[in-house]
Amino acid sequence: MTLGPYASFIIMSYVAVAAVVAALIIWVITDYRSQKARLRDLEAAGAVRRSGRSAANVK
């Protein structure tokens, strides 16, 4: 497989996209954990959810 004279541009484009996608995945995971912890703190403080589920049951 030959990428031609633009091989470095093509490869760097794929690397950049992979880095952005990885950063977004990491951001979503950390935000999910943060929101879950915040919800647990709110429930511990006495806030109730209208859905009736607790933060421990959220998966």
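Residues numbered from 1 in each chain as written. Predicted model: local features only at pLDDT ≥ 70, side-chain atom pairs only at ≥ 80, totals over all residues. Heavy atoms only, no water.

(A) How the structure looks around the overall build of the chain. Within the chain one finds 1 helix and 0 strands. Burial analysis of the chain (59 residues in total) assigns 3% to the buried set. Carbon and sulfur atoms make up 66% of the accessible area of the chain, which amounts to about 5,300 Å² in all. (Helix = DSSP H or I, 4+ residues; strand = E, 2+ residues; numbered from the N terminus. Buried < 20%, exposed > 50% of the residue type's maximum accessible area, 1.4 Å probe, protein only. Areas by Shrake-Rupley, 256 points an atom, 1.4 Å probe, with all protein chains shown as cover.)

(B) Just a nonpolar patch on the surface, in detail. A surface patch of nonpolar side chains, amounting to about 360 Å² of accessible area, comprises Leu3, Ile11, Met12 and Val15. With respect to the secondary-structure elements, leucine 3 resides in the segment before helix H1 (7-44). A relative accessible area of 34% places leucine 3 in the partly exposed class. (Patch = residues over 30% accessible without salt bridge, like charges linked within 9 Å, V, L, I, M, F, W, Y side chains within 5 Å. Salt bridge = Lys/Arg side-chain N within 4 Å of Asp/Glu carboxyl O.)

(C) Expanded view of H1. Under the 1.5 Å per step criterion, the end-to-end length of H1 is 56 Å for 38 residues, consistent within 8% with the ideal 56 Å. Glycine 46 sits one or two positions beyond H1 and adopts a positive phi of about 110 degrees. (Expected span 1.5 Å × (residues − 1).)

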